[in-house]
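Remarks on the overall topology
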Amino acid sequence: MQFSKIESSYTSKDGCRLVWKGVEEDDLETIILNKKELEQLIDLLKGDSAGEVELEDQVSRIMVNLDVTEFNLKDHDLLEVKTADLQKHVLDYAKIPHIPQYIHINPKEYYPSITIRKYDEPKKVDETKPTQISLLEAILASKSKKTSHDLSQSDLYRIFATRRSTRKFTKTRIEGWMVDKILAAADTAPTAGNFQGFKVFYIKNQKVKEALVEAANNQPYVNAPVVLVFCMDPSRVKMNFPPEILEKFSIQDATLAAGFSLLAASGLGLSSIWIGMINEEKVKSILGTDLKPSSILCIGYPEKRRPPKPRRNLKELIQVVE
Ligand SMILES: Cc1cc2nc3c(=O)[nH]c(=O)nc-3n(C[C@H](O)[C@H](O)[C@H](O)COP(=O)(O)O)c2cc1C
């Protein structure tokens, strides 16, 4: 693994993400430092001094030596970087203020504050010890005792067979862990070149929801308990193709991700309505973004559970090419 870059955190203007790259395009390791950890690292690097930064889990450590800095992480391979390289990257990074990046969770991230025992732990691992896994894995694997509607693999066809759009939701609040799962599902969708050419706006603000109703041709159900706006982000798709192809990829990325979230919501016993009738310019201006929205996914508990709508005969849908 080769140290690659430092970038801002997804959730806060403080702290940072340190990224190592392997040989494969998608072989990345990321370490997330919080504000205090980053400040301690900056102090050591500024002073050209050797020393140690203890990470939030109180086990993992960054050992700054004069030649090489070692990242000794609990339950994780050792990561190294030449101290001079790290010094340059980190001190340059510290010179300018940063804004949080939008949330994208790479499955191979080391996040010292999240310690959740993995499902299906291999036998050799001490079952009594917590194991470090990524936030995405943790969210996807987590089970809640609070509902009988947990998504499990065997339920996928049940979801296909029973899903029905809803335009009338109860006012029941959707718990945070459910929203996490719905967002994490979006992050598991395939994307062109794995560049994840999309962004999700999770709308919590009531006034923004009301403005989106208007931007969606006054469809009142857009004011739902959970409102997610899926936007295209072709600038993320770093492929050597004409802009119109990158645009096409990003609309597919955003659409597929929304589809994954829609199914995840159904798996959790929630229902949704997909909103495609939107005024793009109005939505962009409401969200304060240049990214084009592709759809709005409105989610909640249905007032009434209804059977799925009929479809055409499956044979009519398929043209077999032999
Ligand atoms: C691309 C697309 C755009 C849609 N736009 C809207 C919309 O703007 N408003 C709405 O009420 N429903 C919208 N829908 C929901 C469809 O009307 C709904 O999925 C369809 O009637 C089939 O019903 P079902 O989802 O229960 O199977 C849209 C669905 C898709 C896939």
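Data block above holds the structure.
Residues numbered from 1 in each chain as written. Predicted model: local features only at pLDDT ≥ 70, side-chain atom pairs only at ≥ 80, totals over all residues. Heavy atoms only, no water.

1. Points about the overall build of the chain
Here is the rule: Secondary structure elements are defined from DSSP: runs of H or I of at least 4 residues count as helices, runs of E of at least 2 residues count as strands, and each element is numbered from the N terminus. Classification of residues uses two cut-offs on accessible area relative to the type maximum, computed with a 1.4 Å probe and protein chains only: under 20% is buried, over 50% is exposed, and between them is partly exposed. Residue contacts follow a heavy-atom distance rule, with two residues in contact if any of their heavy atoms lie within 4.5 Å. Residue-level accessible areas treat just the shown protein chains as cover; the underlying method is Shrake-Rupley with a 1.4 Å probe.
For the chain, the count of helices and strands is nine helices and 12 strands. Here the chain holds 322 residues, and 42% of them are scored as buried. Counting contacts in the chain only where the partners sit at least 6 residues apart, residues at least 24 apart contribute 62% of the total. Only carbon and sulfur atoms are counted for the fraction: they give 53% of the accessible area of the chain, which is about 18600 Å².

2. What to know about the sheet that holds strand S5 (residues 61-64)
Two modes of strand pairing occur in sheets, parallel and antiparallel, and in both the strands are linked by backbone hydrogen bonds. Basically, it comes down to this: In this scheme, strands are said to pair when DSSP sees at least two bridges between them. What counts as an axis is a line fitted to C-alpha atoms, over the stretch in contact for a helix, and the angles between N-to-C directions run from 0 to 180 degrees.
Here we have four strands laid out as an open sheet, ordered S4-S5-S6-S7, and antiparallel in their pairing. Bordering the open sheet on either side are strand S4 (51-54) and strand S7 (79-82), each of which pairs with just one other strand. In this sheet, neighbouring strand axes are inclined to one another by 15° on average, regardless of whether the strands run parallel or antiparallel. Contacting S4 and S5, helix H1 (residues 35-46) runs over the sheet at an angle of about 175° to S4. Relative to the sheet, helix H2 (residues 83-95) contacts S5, strand S6 (68-72) and S7, its axis offset from that of S7 by approximately 80°.

3. Description of the pattern of salt bridges
To be explicit about the condition: Here, a salt bridge means any side-chain nitrogen of Lys or Arg that lies within 4 Å of a carboxyl oxygen of Asp or Glu.
Scanning the entire structure with this criterion turns up 10 salt bridges. Across the pair Lys35 and Glu39 runs a salt bridge, and its minimum N-O distance is 3.6 Å. Of this pair, Lys35 and Glu39 both sit in helix H1, four residues apart, roughly one helical turn. Put simply, Lys5, Glu7 and Arg17 are held in one network by salt bridges that share partners.

4. Quick notes on the sheet that holds strand S11 (residues 271-275)
Ordered in space as S9-S10-S12-S11, the four strands form an open sheet in which the pairing is antiparallel. Whereas interior strands pair on both sides, the edge strands pair on one side only; in this sheet they are strand S9 (198-203) and S11. The average undirected angle you get between the axes of adjacent strands in this sheet is 20°. Here S11 runs beside strand S12 (residues 293-300); their pairing, made up of five bridges, is antiparallel.

5. Regarding the packing of helix H6 (residues 206-215) against helix H8 (residues 280-287)
Formally: Under this scheme an angle from 65 to 115 degrees is roughly perpendicular, one under 35 degrees roughly parallel, and one over 145 degrees roughly antiparallel; angles in between are oblique. Each crossing is labelled by how the near helix is turned from the far one, with a counterclockwise turn of less than a right angle marking it left-handed and a clockwise turn marking it right-handed. Classification used: nonpolar for Ala, Val, Leu, Ile, Met, Phe, Trp, Tyr, Cys and Pro, charged for Asp, Glu, Lys and Arg, polar for all others including Gly.
Where H6 meets H8, the axes come as close as 9 Å, and the angle between the chain directions of the two elements is 170°. Between H6 and H8, the crossing angle belongs to the class labelled roughly antiparallel. Two packed elements cross with a definite hand, and for H6 against H8 that hand is right-handed. Contacts from Val208, Ala211, Leu212, Glu214 and Ala215 of H6 reach H8 at Lys282, Val283, Ile286 and Leu287. Class assignment of the residues belonging to the contact of H6 with H8 gives a composition of seven nonpolar, no polar and two charged.

6. Some points on the pairing of S4
Two elements, S4 and S5, share four bridges in a ladder whose sense is antiparallel. Pairing of Val53 across the sheet is with Ile62, part of S5. Hairpin connection from S4 to S5: six residues lie between these consecutive antiparallel strands, with Gln58 at a positive phi of about 65°.

7. Considerations on the environment of Glu247
By the element assignment, Glu247 lies in helix H7 (residues 243-267). Since its relative accessible area comes to 28%, Glu247 is described here as partly exposed. In this structure the C-alpha to C-alpha distance between Glu247 and Pro234, which are 13 residues apart in sequence, comes to 5.3 Å. Residues in contact with Glu247, not counting those within four places in the same chain, are Met232, Pro234 and Lys292.

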